[in-house]
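Chain and residue survey
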Amino acid sequence: MRLHDDTVRCGVHSGQQYQTFDDVLDLWHRAENAGYDWVSVFDHMRPHLFAPDGPCFEGPTLLAALAARTTRVRCAILVSAVSWRHPALLANIASTVDHISGGRVELGLGAGSQDLAHDQYGLPFPGAAERLRRLDETCHVIRRLWEQPIADYRGAHYRLVAARLRPRPVQRRLPLTIGGSGKRHMLRIVAEHADTWNSAFVPPEHYARKRETLARHARELGRNPASIRGSLTFRAVLGEDHGDVAERRSRIAATVPDDLPEYAVFGTPEECVERLVPYLRLGVRDFLLGLRPPVDHRTLHLFSERVAPVLRASL
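Parameters at a glance
Residues numbered from 1 in each chain as written. Predicted model: local features only at pLDDT ≥ 70, side-chain atom pairs only at ≥ 80, totals over all residues. Heavy atoms only, no water. Helix = DSSP H or I, 4+ residues; strand = E, 2+ residues; numbered from the N terminus. Rg over C-alpha atoms; globule rule 2.2 N^0.38 Å. Buried < 20%, exposed > 50% of the residue type's maximum accessible area, 1.4 Å probe, protein only. Areas by Shrake-Rupley, 256 points an atom, 1.4 Å probe, with all protein chains shown as cover. Lys, Arg positive; Asp, Glu negative; His and termini not counted. Charge placed at Lys NZ, Arg CZ, Asp CG, Glu CD. Contact = heavy atoms within 4.5 Å. Pairing = 2+ DSSP bridges. Axes fitted to C-alpha atoms, helices over the stretch in contact; angles between N-to-C directions. Parallel < 35°, antiparallel > 145°, perpendicular 65-115°, else oblique. Left-handed = near helix turned anticlockwise from the far one by under 90°. Nonpolar A, V, L, I, M, F, W, Y, C, P; charged D, E, K, R; others polar. Polar contact = N/O pair within 3.5 Å; in protein donor to acceptor, adjacent residues only side chain to side chain. Phe/Tyr/Trp six-rings, centres within 6.5 Å; stacked < 30°, edge-to-face > 60°. Lys NZ or Arg CZ within 6 Å of the ring centre and 35° of its normal. Core = buried A, V, L, I, M, F, W, Y, C linked by side-chain atoms within 4.5 Å. Right-handed = clockwise from strand over helix to strand, strands pointing away.

A look at the overall build of the protein chain
- A tally of helices and strands in the protein chain yields 10 helices and 11 strands.
- A compact globule built from 315 residues should have a C-alpha radius of gyration of about 20 Å, and the protein chain, at 19 Å, falls within 12% of that.
- When the backbone C-alpha atoms are referred to their principal axes, the protein chain occupies close to 60 × 45 × 35 Å.
- Relative to its 315 residues, the protein chain shows a buried fraction of 55%.
- Entry remark: accessible area of the protein chain is about 13600 Å², with carbon and sulfur atoms responsible for 53%.
- Computed over 42 positive and 37 negative side-chain charges, the inter-centroid distance for the protein chain is 7 Å.

What about helix α2 (residues 59-68)?
- Summarising burial for α2: seven of the 10 residues are buried, a large majority.
- Restricting attention to buried positions, one finds in α2 the residues G59, P60, L62, L63, A64, L66 and A67.
- Next to the buried residues of α2 lie α1 (21-33), β2 (38-41), β3 (74-81) and α3 (87-101).

Regarding the pairing of strand β5 (residues 151-154)
- Residues of β5 alternate between two faces, with A151 and Y153 buried on one and D152 and R154 left unburied on the opposite face.
- Counting the residues that bridge the hairpin from β5 to strand β6 (residues 159-163) gives four residues.

Side note on the packing of α1 against α2
- Running from N to C, α1 and α2 point in directions that differ by 50°, and their axes come no closer than 11 Å. As judged from the angle between their axes, α1 and α2 are oblique. Here α1 runs over α2; the crossing is right-handed. Of α2, the residues touching α1 (which contributes F21, V24, L25 and W28) are L62, L63, A65 and L66.
- Classifying every residue of the contact of α1 with α2 by side-chain character gives eight nonpolar, no polar and no charged.

Description of the side chain of N198
- When you line up the elements, N198 lands in strand β8 (residues 196-200).
- Here the side chain of N198 touches T233 through a polar contact of 2.9 Å, side chain to side chain.
- Not counting residues up to four positions away in its chain, the partners in contact with N198 are L78, T177, I178, G179, G180, S231, L232, T233 and L288.

Some points on the packing of α2 against α3
- Where α2 meets α3, the closest approach of the two axes is 8 Å, and the angle between their N-to-C directions is 15°. One finds that α2 runs roughly parallel with respect to α3. Pair α2 / α3 crosses with right-handed handedness. In this structure, α2 uses P60, L63, A64, A67 and A68 to contact α3, whose residues at the interface are I93, V97, I100 and S101.
- Split into classes, the residues belonging to the contact of α2 with α3 amount to eight nonpolar, one polar and no charged.

Let's talk about the packing of aromatic side chains
- Following the criterion strictly, the structure yields six aromatic pairs and no others.
- For the pair W197 and Y207, a centre-to-centre distance of 5.1 Å together with 20° between the ring planes defines the contact as stacked. Of this pair, W197 sits in strand β8 while Y207 sits in helix α7 (residues 204-220); the two residues are 10 residues apart in sequence, bridging distant segments of the chain. We note that W197, like Y207, is buried.
- Taking 5.7 Å as the distance between ring centres and 50° as the angle between the ring planes, the aromatic pair formed by F201 and Y279 counts as tilted. Pair noted here: F201 is in the loop between β8 and α7 and Y279 is in helix α9 (residues 269-281), with a separation of 78 residues, a long-range link.
- What makes F201 buried here is its relative accessible area of 9%.
- Ring pairing ties together the aromatic residues W197, F201, Y207 and Y279, which thus form one cluster.
- Directly above the ring of F266 sits R249, whose terminal nitrogen or CZ lies 4.3 Å from the centroid.

Some details on the nonpolar core
- With 80 residues, the main nonpolar core has L107, L276, F287 and F303 as its most contacted residues.
- Counting residues per element, this core draws most heavily on helix α5 (residues 128-147), which supplies seven residues.
- Setting aside its immediate chain neighbours within four residues, F287 contacts V8, R9, C10, G11, L232, F234, L276, Y279, L280 and L311.
- V237, I252, Y263 and F266 belong to the second-largest nonpolar core, a separate cluster that totals six residues.

Some thoughts on the pairing of strand β7 (residues 176-179)
- Burial along β7 is two-sided: L176 and I178 facing one way and T177 and G179 facing the other are all buried.
- Alignment of β7 against β8, held across three bridges, turns out to be parallel. Following the sheet pairing, I178 is matched in β8 by W197.
- Traced from β7 through helix α6 (residues 186-193) to β8, the parallel crossover comes out right-handed.

Take a look at the structure:
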């Protein structure tokens, strides 16, 4: 991948960490074989959508295993909360997985959110302001370790003293994706550090306002706003007609009603294209279809066959 090229990529953000490894691997193989450009895992320690005693694979370990069993797709984590690991450890993990994958890794970072692991494992969960400061410092630490032979850094939360990381990533610049949308602090961190900005699905007019705020921060920092790729994570239920998706929509509404705003469309592939094309004009280049178990294979394949090709050809 050329870091700042204008290529449109379509991917899958996997929710299969709540099932078996074979289930996760099956989805990754299906996505790769269907022509998707990217597949990602999340980084929760405990299941944040289901029962507190349910299964949940650890993110970077799972990513390493999946990277070793795929050959083409970009392999990503979306996103790793700064409260889980020291940034030097995360830098080493990402570099290792980049070697395992042959240079296909993209690292997602975020300030973190509530997770059952904080209570169950007794892990600290600092306030939002401190987590944002840690995120900023994490970006500095990781870049120094990836790109400098000997790295020094002194921040309020992290310190490097003549630190070394070997081997460095395979990629000359391993891409950092930062997820979040707070206008005052988060988007300024994105403007300073991110190769890609990931946003959850919001209406185009809301996305446009956030993108303009990001652009303003970037210009203030002396950076070209166009150098920051836009990434949109969304959900969809696709079928040949509305009757084809009605039952699946009612089932989702009955189990996770609060998540319905994350859905870009319940409808046909053509309606999905119509809904997503406006985001191209707003700078989105990565369209990531979010899936949770049980996998909606019909949507997975309709998107790859009839939505992704149109989006890729629209620029």
